[in-house]
Amino acid sequence: MTGVNNDEGGWMLASFFAPQNWTEGLDREFLLNMVSFFYPDPKAAFIRDVIADEYIGNGDDRVKNRDGYTEMLGDLFFTIPAIKAANAHRDAGAPVYLYEYQHPPKFLQQKRLSFVGSDHGDEIFIVLGFCFTTTHVRLPDPCPEDEEQLSKIMMSYWGNFARTGSPNGHNLVHWPKYGAEEKYLAIGLKKQVTAQHLKKERFVFLTQTVPEKIKQHEENAERSEL
């Protein structure tokens, strides 16, 4: 079982890397510099613009730049690696169950701005049953009833998987195996639904398009040297 949240780079990582007023918007140049963190080789410097164009376009809209920046962080640090891991285990013949968690707990929503979705680690409080703890570890505010229900559902999925190797069980929405059709479970506050091809376009871009462009660039450079 593996998965991601729907806004992995939405708050914690973004706050760590970005300047203090990043929530109001960012310049294109900041995102270009951030790409260099992932592609430090000077020979691949051209790829900064390729990735920036994919996530923010021309860079004139500073709010769009901010949102593209947080999405890029989430994809490069967590989402794309998680999908690659799921593919590898699936291709090796192991049963894989992939999820996308979509609900930030209420007590965290109150500490963040409205544009933030479910940030990295948000599901931990729900899947570990923090809504029901009363002694050593307690949430600052009681969970709403719908969050308590979601927590019971997620604990059931995770408990079933630990016991049987499958998250499925009585009174739970069926969670399909992640196979050739790339089905996964989208876990929201009100419902859980089967979906397909998690972030497929971004996955293809970062795992196929970008490496191909770097390879072409290197080949062109070699021919120019000759």
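Calculation criteria
- Every residue gets a number counted from 1 within its own chain, in the order that chain's sequence is written.
- For a predicted model such as this one, the threshold for reporting local features is a pLDDT of at least 70, and the threshold for listing and counting side-chain atom pairs is 80 or more; totals across whole chains, interfaces and linings nevertheless cover every residue.
- Side-chain metrics rest on all non-hydrogen atoms present in the structure, leaving aside hydrogens and water.
- Only the stretch in contact is used when fitting a helix axis, every axis being a line fitted to C-alpha atoms; angles between N-to-C directions are given from 0 to 180 degrees.
- Helix and strand definitions here come from DSSP, where helices need a minimum of 4 consecutive H or I residues and strands a minimum of 2 consecutive E residues; each element is numbered from the N-terminal end.
- The scheme is simple: roughly parallel for angles under 35 degrees, roughly antiparallel for over 145, roughly perpendicular for 65 to 115, oblique for anything else.
- Any two residues whose heavy atoms approach within 4.5 Å are treated as being in contact.
- The span expected for a helix works out to 1.5 Å for each residue beyond the first.
- By definition, a residue's bend is the angle between the axes fitted to the seven residues ending there and the seven starting there.
- In the analysis that follows, any N or O atom pair within 3.5 Å is treated as a polar contact, provided that within protein one partner can donate a hydrogen and the other can accept it, and provided that, for residues neighboring in sequence, both atoms belong to side chains.
- UniProt positions are given in the numbering used here, feature names are shortened, and annotations may be inferred rather than shown by experiment.
- Throughout, disulfides are identified as pairs of cysteine sulfur atoms within 2.5 Å of each other.
- The classification of residues rests on relative accessible area computed with a 1.4 Å probe and restricted to protein chains. Under 20% of the type maximum is buried, over 50% is exposed, and intermediate values are partly exposed.
- For our purposes a nonpolar core is just a set of buried Ala, Val, Leu, Ile, Met, Phe, Trp, Tyr and Cys residues, chained together by side-chain atoms within 4.5 Å.

Q: Can you explain the packing of helix α2 (residues 28-38) against helix α4 (residues 62-91)? Please cite residues and give values.
A: Between two packed helices, what matters for the description is the angle formed by their axes and the separation of those axes. Between α2 and α4, whose axes approach to 10 Å, the crossing angle comes to 10°. As far as their axial angle goes, α4 and α2 are roughly parallel. Side by side, α2 and α4 meet where Arg28, Phe30, Leu31, Met34, Val35, Phe37 and Phe38 of the first sit next to Asn65, Gly68, Tyr69, Met72, Leu73, Leu76 and Phe77 of the second.

Q: Report on α4, specifying residues and quantitative values.
A: In this model α4 runs 41 Å from its N-terminal to its C-terminal C-alpha over 30 residues, within 8% of the 44 Å that 1.5 Å per residue would give. At Asp75, α4 is bent by approximately 55°, the largest bend along its length. With a side-chain oxygen positioned 3.0 Å from the backbone nitrogen of Val63, the residue opening α4 is Asp61. Following α4 by one or two positions, Gly93 has its phi on the positive side, about 95°.

Q: Describe in detail the UniProt feature "domain: Carboxylesterase type B" (unreviewed entry) in the protein chain, supporting the description with residues and values.
A: Under the present numbering, the feature "domain: Carboxylesterase type B" (unreviewed entry) in UniProt falls on residues 1-205. As a span, residues 1-205 carries 45% helix and 9% strand, and end to end its C-alpha atoms are 25 Å apart.

Q: Quick one: what's the story with the state of the cysteines, residue by residue and with numbers?
A: What the rule picks out here adds up to 1 disulfide. A sulfur-sulfur distance of 2.2 Å marks the disulfide that ties Cys131 to Cys143. Judged by the sign of its S-S torsion, about -85°, the bond between Cys131 and Cys143 is left-handed. Of this pair, Cys131 sits in the loop between α6 (123-127) and α7 (145-164) while Cys143 sits in the loop between α6 and α7, and the two are 12 residues apart along the sequence. With a relative accessible area of 13%, Cys143 lands in the buried category.

Q: How would you explain the nonpolar core if you had to name every residue and give the values?
A: Core analysis: the largest hydrophobic core is formed by 39 residues, its most contacted members being Tyr39, Ile47, Ile51, Tyr69, Met72, Leu206 and Val210. Counting only elements with at least two residues in this core, the list comes to α1 (12-17), α2, α3 (47-56), α4, β3 (183-187) and α8 (200-225). Residue contributions to this core peak at 8 residues, all from α4. Beyond its immediate sequence surroundings of up to four residues, Tyr39 is in contact with Ile47, Ile51, Leu76, Leu206, Val210 and Ile214. Judged by nonpolar contacts, the second largest core, of 19 residues, contains Val127, Cys131, Ile153 and Met154.

Q: If you had to explain the environment of Gln109 to someone new, which residues and values would you point to?
A: Mapped onto the elements of the fold, Gln109 is located in helix α5 (residues 106-109). Measuring from C-alpha to C-alpha, the distance between Gln109 and Tyr178 comes to 30 Å, with 69 residues separating the pair along the chain. With near-sequence residues (within four places) excluded, Gln109 lies in contact with His103 and Pro104.

Q: Hey, could you go over α7 for me, with residue numbers and the actual values?
A: Taking 1.5 Å per residue, 20 residues should reach 28 Å; α7 reaches 29 Å between its end C-alpha atoms and fits that length. Of the residues making up α7, those classed as buried are Glu147, Leu150, Ser151, Ile153, Met154, Tyr157, Gly159 and Asn160. Lining the buried residues of α7 we find β2 (98-101), α5, α6, β3 and β4 (192-196). Of the residues trailing α7, Gly165 is marked for its positive phi of about 90°.

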